[in-house]
Amino acid sequence: DATIQTQMIIFGGTGDLTHRKLVPALFQLHLHGFLPKDFSLLSIGRRPKTHGEYHQDLLDATKKFSTKAIDDQEFLDFAKAISYFRLDFDNPEDYLRLKQTLEDRTSSDPERSFLFYLAVSPDYFSPIVENLESSGIRALPSLWQRLVIEKPFGQDLDSATLLNESIARVFPEKDIYRIDHYVAKEMIQNINMLRFQNTIFGPVWNRHHIDNVQITVLEKEGVGTRGGYYDHTGALRDMVQNHLLQLLAITAMEPPVSLDADDVRNEKVKVFEALRPFGPEDLSHRLILGQYSGYTQEDKVSEDSTTETLVATKIFIDNERWQGVPFYLLTGKAMKNKTAQITIEFRKSNPYTLDLDNQPNILEIKIQPDEGITLHLNVKKPGVMDQMTMAEMDYCQSCLYLFNSPDSYEKLLLDAMNGDSTLFTRWDELQLTWKYVDSIQSTVNGDRNTLLKPYNVGSFGPEELDRFVDSGASTWWFQN
Ligand code: BG6
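Residues numbered from 1 in each chain as written. Predicted model: local features only at pLDDT ≥ 70, side-chain atom pairs only at ≥ 80, totals over all residues. Heavy atoms only, no water.

Per an unreviewed UniProt entry, the protein goes by the name Glucose-6-phosphate 1-dehydrogenase and belongs to Proteiniclasticum sediminis. Under the UniProt heading Catalytic activity (unreviewed entry), the note attached to the protein is "D-glucose 6-phosphate + NADP(+) = 6-phospho-D-glucono-1,5-lactone + NADPH + H(+)". (UniProt positions renumbered as here; feature names shortened; annotations may be inferred.)

Quick look at the structure:
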């Protein structure tokens, strides 16, 4: 009976993302009562499958990938809202069948809405969107139709522009939700609270008090089975263009006039506009590219690959607040530990009354695996002598809310259904971040062979990293 009002349609229903992230996230939203009334998921894949087989695949995956205990029966009850639909992404007739199915399933009153989610290889982004238009699906009367689109959004500014043009012919910008799952991580969302809801940080969040900022996102895993994608991409495009630059913008932006999507994104755009361009004179001191040992033997990786699996780069934001403050960005695969954090190193105070060697205050925002905030302070060492030591004030969010932090995809899916695009990337943000990354790529290109530094799997990265941080305490704080 056609009562469905919120119809989500995932292209890539048998893929890794759907199994690992999307369905487990939808299940958690269901358990918490966050899914809209009459929600239903139509999951699209190319292989023939019965609904029953598909539900069993999803149950197995959800049990494997959830951090929470899963009750089989509860999941199978939820799965009644999930149907499988076979479709060939390039076949226009299949889209006509899809249109008919959507018409049959959903309530015909105009309250119905469609959330299209592209969890497919980027080669299919444009063909799918064009078929949504030519099949007449886009013209189905509805309250709203939104398009959620995964990364990578292009390989550089030119390809991203082409892709955007083809999508923008079918969906207006306000209905395009480009995912950056880092922005939805709990501790990243927390940065706004920390910065703007505590009066103690506002006055010192600038070049007068902050010496440098370090943004590190390190992974223990290598490329695994994704060599085919990764070897044409590399860490600059895979991580810096999106996740790391987003973290930089959120850390550095001016207070937005409100937390509305466009107010927040306007401020991020201003940060991207103020990035100091990267040119040949910067190669020697603003960039390290690394490649882990054995990378070229990985599956689907070219034997003479010069793709970087690690990037360290020093960025300046040329505005009043940040002039002269280096932002050090570091990301790498096959490193010693999986860890992501933002570290703010404050300027050292002038120890005018005591002849003591104090340390800079450090504010660590821990993103993963631990979530929390640590503030390092100079304090007196107990005893009769005047001595100093460092104390750590620690807010361990993951200790207090064991496993209760929602996965980013829970937040992103809920926001997309509610029409809140604050955590999604707007086209002008993408344009500017690609422009910046393109400027690094084009500077590097001829020199890739000489620039690429080897590092051992499970290490802290190439030894050149040790000398890279050249301000403040001249150290990478994540190592401490
Ligand atoms: C993805 C990258 O966007 O983020 C991957 O394509 C990377 O290469 C992943 O492994 C890291 O995400 P997370 O949430 O596991 O830190």
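Structure's up, so let's keep going.
## Notes on the sheet that holds strand β2 (residues 39-45)
Spatial strand order, β3-β2-β1-β4-β5-β6: six strands in an open sheet with parallel pairing. Only two strands of the sheet have a single neighbouring strand rather than two, namely β3 (82-86) and β6 (176-178). When the angles between neighbouring strand axes are averaged without regard to direction, this sheet yields 20°. Relative to β2, strand β1 (residues 6-11) runs parallel, the two being bridged by six bridges. Opposite Thr 6, over in β2, you have Phe 39 as the bridge partner. Contacting β1, β2 and β4 (113-118), helix α1 (residues 16-31) crosses the sheet at an angle of about 175° to β2. Packed onto the sheet, helix α5 (residues 125-134) meets β1, β4 and β5 (144-149) and runs at close to 160° relative to β4. (Pairing = 2+ DSSP bridges. Helix = DSSP H or I, 4+ residues; strand = E, 2+ residues; numbered from the N terminus. Axes fitted to C-alpha atoms, helices over the stretch in contact; angles between N-to-C directions. Contact = heavy atoms within 4.5 Å.)

## Regarding the UniProt feature "binding site: NADP(+)" (unreviewed entry) in the protein
When the UniProt feature table is mapped to this numbering, "binding site: NADP(+)" (unreviewed entry) covers Arg 46, Asp 88, Phe 89 and Lys 151. In this fold, Phe 89 is placed in the loop between β3 and α4 (92-105). For Phe 89, the contacting residues outside a window of four places in its chain are Phe 11, Gly 12, Ile 44, Arg 46, Tyr 95, Val 120, Tyr 124, Ile 128 and Asn 131. Residue position: Lys 151 is located in the loop between β5 and α6 (157-168).

## Quick look at the confidence of the model for the protein
When pLDDT is averaged along the protein, the result is 94, and 98% of the positions lie at 70 or above. The complex model carries a pTM of 0.96, and its ipTM stands at 0.99. (pLDDT = per-residue confidence, 0-100.)

## Considering the site of the ligand
Lys 151, His 181, Tyr 182, Lys 185, Glu 219, Arg 226, Asp 238, Met 239, His 243, Lys 333, Lys 338 and Gln 368 make up every residue found near the ligand. Between Arg 226 and the ligand, the recorded distance is 2.9 Å, taken from a side-chain N or O atom to an oxygen atom. Here an oxygen atom of the ligand and a side-chain polar atom of Asp 238 are 2.6 Å apart. With the chains in place, 81% of the 390 Å² that the ligand exposes on its own is no longer accessible. (Near = heavy atom within 4 Å. Polar contact = N/O pair within 3.5 Å; in protein donor to acceptor, adjacent residues only side chain to side chain. Areas by Shrake-Rupley, 256 points an atom, 1.4 Å probe, with all protein chains shown as cover.)

## Thoughts on helix α2 (residues 51-65)
With 15 residues, α2 should cover 21 Å at 1.5 Å per step; its first-to-last C-alpha distance of 21 Å lies within 8% of that length. Along α2, the residues that are buried comprise Tyr 54, His 55, Leu 58, Leu 59, Ala 61 and Thr 62. In the core, the buried residues of α2 are packed alongside α1, β2, α3 (72-79) and β3. (Expected span 1.5 Å × (residues − 1). Buried < 20%, exposed > 50% of the residue type's maximum accessible area, 1.4 Å probe, protein only.)

## Re the nonpolar core
Side chains of a nonpolar character, in soluble globular proteins, are inclined to be buried together. Phe 11, Leu 98, Tyr 117, Leu 245, Leu 248, Phe 327 and Ile 342 are the most contacted members of the largest nonpolar core, which totals 144 residues. The biggest single contributor to this core is helix α9 (residues 234-252), with 11 residues. Beyond its immediate chain neighbours, meaning those up to four positions away, Leu 98 contacts Phe 11, Leu 42, Ile 44, Phe 85, Leu 87 and Ile 137. (Core = buried A, V, L, I, M, F, W, Y, C linked by side-chain atoms within 4.5 Å.)

## Observations regarding helix α7 (residues 186-196)
When we look at burial in α7, the residues that qualify are Met 187, Ile 188, Asn 190, Ile 191, Asn 192, Leu 194 and Arg 195. Those residues of α7 that are buried are in contact with α9, β11 (339-346), β12 (362-368), β13 (372-380) and α11 (397-400).

## Some words on the pattern of salt bridges
Two side chains with opposite charge may pair up if their charged atoms get near one another. Applying the stated rule across the entire model yields 26 salt bridges. Residue Lys 63 pairs with Asp 72 through a salt bridge whose shortest N-O separation is 2.8 Å. According to the relative accessible area criterion, Lys 63 is partly exposed, its value standing at 41%. In this structure Asp 72 comes out as partly exposed when scored by relative accessible area, which is 33%. Of the charged contacts, one joins Asp 238 and Lys 151 as a salt bridge, the two residues approaching to 3.0 Å between their closest N and O atoms. A residue pair is termed long-range when its members are at least 10 positions apart, and Asp 238 in helix α9 and Lys 151 in the loop between β5 and α6 qualify at 87 residues. Taken together, the shared-partner salt bridges connect Asp 262, Arg 265, Arg 426 and Asp 428 into one network. (Salt bridge = Lys/Arg side-chain N within 4 Å of Asp/Glu carboxyl O.)

## A word on the packing of α1 against helix α12 (residues 408-418)
Contact geometry of α1 with α12 gives a least axis separation of 8 Å together with a crossing angle of 70°. On the basis of the axis angle, α1 is roughly perpendicular to α12. In this structure, α1 crosses over α12, and the sense of that crossing is right-handed. Across from Leu 17, Lys 21, Leu 22, Ala 25, Leu 26, Gln 28 and Leu 29 in α1, the residues of α12 making contact are Tyr 409, Glu 410, Leu 413, Leu 414 and Met 417. Per-class residue counts for the contact of α1 with α12 are nine nonpolar, one polar and two charged. (Parallel < 35°, antiparallel > 145°, perpendicular 65-115°, else oblique. Left-handed = near helix turned anticlockwise from the far one by under 90°. Nonpolar A, V, L, I, M, F, W, Y, C, P; charged D, E, K, R; others polar.)

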